Amino acid sequence: QVQVVESGGASVQPGGSLRLSCVTSGRTFSHYAMGWFRQAPGKEREFVAAVSWIGGYTIYEDSVKDRFIISRDIDKNMVFLQMARLKPEDTARYYCALATALSAAENAYDAWGQGTQVTVTS
């Protein structure tokens, strides 16, 4: 019923930039926030950033707050993650997800995309 599709992942050198996109469709009326999570091999999925649909309030994981910016396009039902000064430790599969409230907790999100791979290597 709800579709979430990420795009924009790529392989980049340390210090480079990427812009991830996420488009949603279907019955998303009960969702008031959109967020990004990431998961590297052998590690737990971790919160990255989120934005509220109304008001545009944002929250970030501490390690990315000075490098990443999350934004949304209300008319297009999209959310973006602009990533700058990428580091090898940013390498992970990045997932877009929808939540009923602005939160950094994974269990607040109930609709997920398939992910897009970001690899940072020299």
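Residues numbered from 1 in each chain as written. Predicted model: local features only at pLDDT ≥ 70, side-chain atom pairs only at ≥ 80, totals over all residues. Heavy atoms only, no water.

*Asks:* If you had to explain the pattern of salt bridges to someone new, which residues and values would you point to?
*Replies:* Pairs can form between side chains of opposite charge once their charged atoms are near each other. Going through the model one piece at a time under the given rule, you end up with 5 salt bridges. One salt bridge in this structure joins Arg38 and Asp90, with 2.9 Å as the shortest N-O distance. Residue Arg38 is located in strand β4 (residues 33–39), and its partner Asp90 is located in the loop between β8 (78–83) and β9 (92–99); the two are separated by 52 residues in the primary sequence. Exposure remark for Arg38: the relative accessible area of 7% places this residue in the buried category. Across the salt bridge formed by Arg67 and Asp90, the nearest N and O atoms sit 2.7 Å from each other. Of this pair, Arg67 sits in the loop between β6 (58–60) and β7 (68–73) while Asp90 is found in the loop between β8 and β9, placing the two residues 23 residues apart along the sequence. Residue Arg67 shares its accessibility class with Asp90, and that shared class is buried. Three or more residues joined by partner-sharing salt bridges are found here, namely Arg38, Glu46, Arg67 and Asp90. (Salt bridge = Lys/Arg side-chain N within 4 Å of Asp/Glu carboxyl O. Helix = DSSP H or I, 4+ residues; strand = E, 2+ residues; numbered from the N terminus. Buried < 20%, exposed > 50% of the residue type's maximum accessible area, 1.4 Å probe, protein only.)

*Asks:* Tell me about the sheet that holds strand β3 (residues 18–26), residues and numbers included.
*Replies:* Reading across from one edge, β1-β3-β8-β7 is the order of the 4 strands in this open sheet, with antiparallel pairing throughout. In this open sheet, the two strands that pair with only one neighbour each are β1 (2–7) and β7. Ignoring strand direction, the axes of neighbouring strands in this sheet form an average angle of 15 degrees. In the sheet, β1 pairs with β3 via 6 bridges, with the strands oriented antiparallel. If you follow Glu6 over to β3, its bridge partner there is Cys22. (Pairing = 2+ DSSP bridges. Axes fitted to C-alpha atoms, helices over the stretch in contact; angles between N-to-C directions.)

*Asks:* I'd like to hear about unusual backbone geometry, residue by residue, with values.
*Replies:* In this model, Asn77 sits at a positive phi of 55 degrees, which is unusual for a non-glycine residue. Relative to the helices and strands, Asn77 is located in the loop between β7 and β8. Given a relative accessible area of 32%, Asn77 falls into the partly exposed group. Phi at Arg85 is positive, roughly 50 degrees, even though this residue is not glycine. Within the secondary structure, Arg85 is located in the loop between β8 and β9.

*Asks:* Quick rundown of the packing of aromatic side chains? Include the residues and the values.
*Replies:* Any two aromatic rings considered together are summarised by their centre-to-centre distance and by the angle between their planes. One pass over the structure, following the stated rule, counts 4 aromatic pairs. Here the aromatic rings of Phe37 and Trp112 are separated by 5.0 Å at their centres, their planes lie at 55 degrees, and the arrangement is tilted. Of this pair, Phe37 sits in strand β4 while Trp112 sits in strand β10 (residues 109–112); the two residues are 75 residues apart in sequence, bridging distant segments of the chain. Accessibility expressed as a relative area gives 1% for Phe37, which makes it buried. Feature note: the residues Phe37, Phe47, Tyr109 and Trp112 constitute an aromatic cluster, connected by ring pairs. Sitting over the ring of Phe80, Arg19 keeps its end group 4.1 Å from the ring centre. The ring of Trp112 is capped by Arg45, whose NZ or CZ atom sits 4.1 Å from the centre of that ring. (Phe/Tyr/Trp six-rings, centres within 6.5 Å; stacked < 30°, edge-to-face > 60°. Lys NZ or Arg CZ within 6 Å of the ring centre and 35° of its normal.)

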